[in-house]
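Structural overview
Okay, here's what each chain looks like letter by letter:
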Amino acid sequence: MAPPPPSLVFSVRRSPPELVAPATPTPHEFKPLSDIDDQDGLRFQIPVIQFYKNVPSMNGRDPAKVIKAALAKTLVFYYPFAGRLREGAGRKLSVECTGEGVVFIEADADVTLREFGDALQPPFPCLEELIYDVPGAGGVLDSPLLLVQVTRLKCGGFIFGLRLNHTMADAAGLVQFMTAVGEVARGAHAPSILPVWGRELLNARDPPHVTRTHHEYDEIADTKNTIVPLDDMDHRSFFFGADEFAALRRHLPPHLRRCSTFEVLTAALWRCRTLALRPDPEEEVRVLCIVNSRPKLRHPPLPVGFYGNAFAFPVALSAAGDLCKNPLSYALELVKAAKNSVDQEYMKSVADMMVTKGRPHFAVVRSYLVSDLTRACFGDVDFGWGKAVYGGAAKGGVGAIPGVASFYIPFRNGKGEDGIVVPFCLPAAAMEIFVKELNGLLKEEMEKEERPLIPAKKPSTFIISAL
């Protein structure tokens, strides 16, 4: 896997942040979040970034002004985003639809898209300049729910940065909103898919009744200080194409080789990450697999246009020693079982647990969380300049507890190969072990194809303080 270009440094000139309100008056009301939205593990801001090329047919049109105007018009339909979160009895969150607006920043950078390299992937240089953390706007309660920054580049392209309060929407819901902004930016009078609130469909039952075991919310004491430390973090991205997946599948028995790419990749990363962090062999480690529940919900189904959170965190558990000493198929079987456990009753049980257990945070001690964004279609969002060159997660490790999560992002590398890129962060020493272990899994097939392996060391293009 080819390293990124050497560390890139550039300056960004920002105009003062402003609030963009809905273009016309919207209802003032309180809209409760669902009991799936309303859990501790989603009370954070998640960053997304999109890179767009210069398009000659759009010369003379300012992307910042186009997107700002479209944002105001789209917020008429998605007016809860222009409100503020309030917390009530039982820590229940509601949106007060105040119409105050979302934060918007217009900026210019003295850099071209080409300078970022042929294959755009996290970690991105100067990320905190491209999604600026406006003082006083980063809270969960009583703060703006969205922040958008449009940064024009010297080449005529631009970068669209967004930060979302995760309690409001998941990846599918956010892409639905961004797509709507794009449609309006291209001249539509209304989004092709009208938003539906419908959060009551994912509320707890009355009375609540937890029917499933939810180890993802176990309370685990960190008695041996095993939470990943945030100092000296190494941020890298890893590309997995057809050859890499073929190499991983060669480690599996024939009856498991038809598993999904998500399953085999998650099993491999979980195992290599555990080996890299070196927990005590008897300690329990876990991987939480974010599973979109929309296809599982049928009685009733979620309506078209629903943009709230509709996923679960099913978990695979193992003693660290068992995970490390057993073949890859051991981890794979655990991941498959966890992923397949999610159905309609599972989601109802999670909602009931939120109400009965005080909206707990998912377990983070000795945990790894993975989120598959390959079908989210961030890259398809078009504001008039075509599809994004890169669209999706701005970095790995984000969350209420940074350093725990990875995202699977659809990607085409510099050779034109389609695959998945995974932003990853670990303490520097652990990262070197992780790369060695991952190369060990890939080695047989990669050497056979005379294909370069993951470099053991590559220049950092990420400013560590962004975490």
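Heads up: these notes are all about the structure in this document. (Residues numbered from 1 in each chain as written. Predicted model: local features only at pLDDT ≥ 70, side-chain atom pairs only at ≥ 80, totals over all residues. Heavy atoms only, no water.)

On a plain count of helices and strands, the protein chain comes out with nine helices and 18 strands. Against the compact-globule benchmark of 23 Å for 467 residues, the protein chain has a radius of gyration of 22 Å, which places it among compact chains. C-alpha atoms of the protein chain, sized along the principal axes, occupy 60 × 60 × 40 Å. When the accessible surface of the protein chain is split by element, carbon and sulfur atoms take 53% of a total near 18,700 Å². Here the protein chain holds 52 positive side-chain charges and 54 negative ones, and the gap between their average locations is 3 Å. (Helix = DSSP H or I, 4+ residues; strand = E, 2+ residues; numbered from the N terminus. Rg over C-alpha atoms; globule rule 2.2 N^0.38 Å. Areas by Shrake-Rupley, 256 points an atom, 1.4 Å probe, with all protein chains shown as cover. Lys, Arg positive; Asp, Glu negative; His and termini not counted. Charge placed at Lys NZ, Arg CZ, Asp CG, Glu CD.)

The geometry of a pair of packed helices is captured by two quantities: the angle between their axes and the separation between those axes. Close contact between helix α4 (residues 242–249) and helix α5 (residues 261–277) brings their axes to 10 Å; oriented N to C, the two are set at 70°. Compared by their axis directions, α4 and α5 come out roughly perpendicular. Residue-level inspection shows F245, L248 and R249 of α4 in contact with α5, the latter providing T261, V264, L265 and A268. Partitioning the contact of α4 with α5 into residue classes produces five nonpolar, one polar and one charged. (Axes fitted to C-alpha atoms, helices over the stretch in contact; angles between N-to-C directions. Parallel < 35°, antiparallel > 145°, perpendicular 65-115°, else oblique. Contact = heavy atoms within 4.5 Å. Nonpolar A, V, L, I, M, F, W, Y, C, P; charged D, E, K, R; others polar.)

Inside soluble globular proteins, nonpolar side chains tend to come together where they are buried. With 83 residues, the main nonpolar core has F81, F160, F177 and F383 as its most contacted residues. Per element, the largest residue contribution to this core is eight residues, and it comes from helix α3 (residues 171–185). Those residues in contact with F383 that lie beyond four places of it in its chain are Y52, V66, I67, F158, F160, M178, V181, G182, A185 and R186. The next biggest cluster of nonpolar side chains, apart from the first, holds 43 residues, and it includes F245, A267, L328 and I433. (Core = buried A, V, L, I, M, F, W, Y, C linked by side-chain atoms within 4.5 Å. Buried < 20%, exposed > 50% of the residue type's maximum accessible area, 1.4 Å probe, protein only.)

If you walk through the whole model with that rule in mind, you get 35 salt bridges. Between R359 and D38 there is a salt bridge whose closest N-O contact spans 3.3 Å. With R359 in the loop between α8 (344–356) and β15 (367–372) and D38 in the loop between β3 (30–32) and β4 (45–52), this residue pair connects regions lying 321 residues apart in the sequence. Across this residue pair, the class does not change: R359 and D38 are buried. The partner of R205 in a salt bridge is E345, and the shortest N-O contact between them spans 3.1 Å. Note that R205 is positioned in the loop between α3 and β10 (233–240) and E345 in helix α8, a separation of 140 residues in sequence. Judged by its relative accessible area of 26%, R205 falls in the partly exposed class. On the basis of relative accessibility, which here comes to 28%, the residue E345 falls in the partly exposed class. (Salt bridge = Lys/Arg side-chain N within 4 Å of Asp/Glu carboxyl O.)

A few words now on α8. The end-to-end C-alpha distance of α8, which contains 13 residues, comes to 19 Å, matching closely the 18 Å that a straight helix rising 1.5 Å per residue would cover. Where α8 is buried, its residues meet β13 (311–312). Capping the start of α8, D343 holds a side-chain oxygen 3.3 Å from the backbone nitrogen of E345, two or three residues further along. Positioned one or two residues after α8, G358 has a phi angle of 80°, which is positive. (Expected span 1.5 Å × (residues − 1). Polar contact = N/O pair within 3.5 Å; in protein donor to acceptor, adjacent residues only side chain to side chain.)

A separate point is the sheet that holds strand β5 (residues 84–87). Ordered by their spatial adjacency, three strands build an open sheet running β3-β6-β5, and the pairing between neighbours is antiparallel. Across the chains shown, the open sheet's two edge strands, defined by having one partner strand only, are β3 and β5. Taking the axes of each pair of neighbouring strands and ignoring which way they run, one obtains an average angle of 35° across the sheet. (Pairing = 2+ DSSP bridges.)

As a further point, take the sheet that holds strand β14 (residues 315–319). In spatial order, the strands read β10-β18-β17-β15-β11-β14; together these six strands make up an open sheet with mixed pairing. Each having just a single partner strand, β10 and β14 make up the two edges of the open sheet. Direction aside, the axes of adjacent strands within the sheet are offset by 25° on average. Here β10 runs beside strand β18 (residues 418–427); their pairing, made up of eight bridges, is antiparallel. Looking at β18, one finds that F240 is bridged to I420. Strands β10, β11 (284–289), β14, β15, β17 (405–412) and β18 of the sheet are contacted by α5, whose axis makes an angle of about 20° with β18.

A word on the packing of aromatic side chains. Centre-to-centre distance and the angle between the planes together describe a pair of aromatic rings. A full pass over the atoms with the stated rule returns 25 aromatic pairs. Taking the centre distance of 4.9 Å and the plane angle of 35° together, the rings of F313 and F362 count as tilted. With a gap of 49 residues between them, F313 in the loop between β13 and β14 and F362 in the loop between α8 and β15 connect regions that are remote in the sequence. Among the aromatic residues, those joined into a ring-pair cluster are F10, F51, F116, F124 and Y390. (Phe/Tyr/Trp six-rings, centres within 6.5 Å; stacked < 30°, edge-to-face > 60°.)

Turning next to the environment of P427. Within the element layout of this structure, P427 appears in strand β18. Using a relative accessible area of 14% as the deciding quantity, one classes P427 as buried. The spatial distance from the C-alpha of P427 to the C-alpha of D234 is 5.6 Å, given a sequence separation of 193 residues.

The next subject is the pairing of strand β6 (residues 93–96). Neither face of β6 is open: one carries L93 and V95, the other S94 and E96, and all of them are buried. With four bridges connecting them, β5 and β6 associate as antiparallel partners. Opposite E87, over in β6, you have L93 as the bridge partner. Counting the residues between successive antiparallel strands, the hairpin from β5 to β6 contains five residues, one of them, G90, with a positive phi of roughly 65°.

This paragraph deals with α5. One full turn of an α-helix is made of 3.6 residues, so residues set three or four places apart face in the same direction. Spanning 17 residues, α5 covers 24 Å between terminal C-alpha atoms, matching the ideal 24 Å at 1.5 Å per step. Of all the 17 residues making up α5, 15 are buried; the element is thus mostly covered by neighbouring parts of the structure. Downstream of α5 by one or two residues, R278 has phi in the positive range, about 55°.

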